[in-house]
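Each chain, written out:
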Amino acid sequence: MNKKNFLFTSESVTEGHPDKVCDQISDAILDEFLSKDRNSRVAAETTVTTGMALICGEITADCYVDIPQVVRNTIRNIGYTGACSGGFDADTCAVITSIDEQSTDIGNGVNKALESRSDNSDTSTTETEEIGAGDQGIMFGYACNETPELMPLPISLAHKLSYRLTQIRKSGLIDYLRPDGKSQVTVEYVDGKPSRIHTILLSTQHNPEINGVSDNKAVQKIISNDLKKLVIDHVFESCEIKPDEKTIILINPSGRFVIGGPQGDSGLTGRKIIVDTYGGYSRHGGGAFSGKDPTKVDRSAAYASRYVAKNIVASGLADKCEIELAYAIGVAEPLSIMVDTFGTGKISDEELAQIVSKTFDLTPAGIINKFDLRNLPSKNGGKFYQLLAAYGHMGRTDIDVPWEHTDKANELREKASTCGCGCA
């Protein structure tokens, strides 16, 4: 983002959105396998539609998991039961599974890297030391100083709105809401910095009647008043930039949202990758996260690139930073590391890239070991990746996410001060 004055919009969706239902099912399956066998190789894909969930993919593990039961429990926890099911009920929907083992060709490439690891500061000797990347690909990470969690403001606000929408539904504070919903926030930037809230959009699935009121205009008025007070006002109460008298607020602009979830639209794992990351403010490599075990660099390297970018911004070496990593299947070391600070860096991007390569172990094994990615589900009561499958994988403050730590900021600052560029 090099423009000075512009509008930028990001969206989020609730956990009842059909694509997010799929992401959560895929990650719930991953959590269950890793909890029972930390070395499980999982690539679980889910699609849902009216009355059906289909689970397919490749899984190799030394344990048994009752996949249909995991699927039903996940759907039930989201809220698709009884009157709110809308043709997609946790207890009655068909659950179809079609699972193969991981390809031996892929497995061999992952198990034994084709290149030896270099000496980096975070290397450690473990049983996974020779892991190669599970596939080729490019991954991007981003951070900026627009919010305390170092995320772009539009996606940060959109996630907060979606999360709050689910909170008031599940708590019973509003009893007419159904699981599906979306949020969208447009921020006006002046001189490259957030200046004001231009537009707020909320769409929520709801019962056709509210407290005996069936007239749709009256129903929508109740929803608009409740969501303005209990969602929008609540979220922006603690924000530095608040809506003003010119802010456009749209609530259920379609006029009615009763049919939703998998009945309204089919869902698919990995179809909300921009919601999962930076809301479009940064580039995305294209790979999805959910349902993939840590040997898949689509997931683990995306987390690592966020970690690197966030630590650079936290160190004060840049106001914003984007990292690109590239991998080859079966090869441990990344093929390339790119740093772009968009002209805000205290030292050159090339020097930062050299410091990054000396500071972070960005091999698959190094990333897995640094974040303990294999053990996170078992260390968190059997549920970790599923929690990331809604409301974003980056910038989370409600759960302890290791790639959000800024423990490398001081080291980066010290190395930059001795880089010879005179920035100290």
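Residues numbered from 1 in each chain as written. Predicted model: local features only at pLDDT ≥ 70, side-chain atom pairs only at ≥ 80, totals over all residues. Heavy atoms only, no water.

Some points on the pattern of salt bridges
- The final tally for this structure, using the stated rule, is 22 salt bridges.
- The residue K160 makes a salt bridge to E149 at a minimum N-O spacing of 3.3 Å. Here E149 lies in the loop between β5 (137–144) and α4 (153–170) and K160 lies in helix α4, a separation of 11 residues in the sequence.
- Here K160 falls in the partly exposed class, since its relative accessible area comes to 35%.
- Assessed through its relative accessible area of 10%, E149 is described here as buried.
- Each of D19, R271 and K272 takes part in salt bridges that share partners, so that together they form one network. (Salt bridge = Lys/Arg side-chain N within 4 Å of Asp/Glu carboxyl O. Helix = DSSP H or I, 4+ residues; strand = E, 2+ residues; numbered from the N terminus. Buried < 20%, exposed > 50% of the residue type's maximum accessible area, 1.4 Å probe, protein only.)

A word on α4
- With 18 residues, α4 should cover 26 Å at 1.5 Å per step; its first-to-last C-alpha distance of 26 Å lies within 8% of that length.
- A large share of α4 lies buried, amounting to 14 of its 18 residues. (Expected span 1.5 Å × (residues − 1).)

Examining the sheet that holds strand β9 (residues 267–268)
- Strand order in the open sheet formed by four strands is β4-β3-β2-β9, with mixed pairing between adjacent strands. In this open sheet, the two edge strands, each paired with only one partner strand, are β4 (94–100) and β9.
- As defined by bridge partners, strand β2 (residues 41–49) adjoins β9 across two bridges and the pair is classed as antiparallel. Paired with T47 across the strands is L268, a residue of β9.
- Taken strand by strand, helix α1 (residues 18–36) contacts β2, β3 (52–60) and β9, and its axis lies near 150° from that of β2.
- Lying over the sheet, helix α2 (residues 67–78) contacts β3 and β4, oriented at roughly 130° with respect to β4. (Pairing = 2+ DSSP bridges. Contact = heavy atoms within 4.5 Å. Axes fitted to C-alpha atoms, helices over the stretch in contact; angles between N-to-C directions.)

All quantities given are derived from atomic positions and should not be read as evidence of function.
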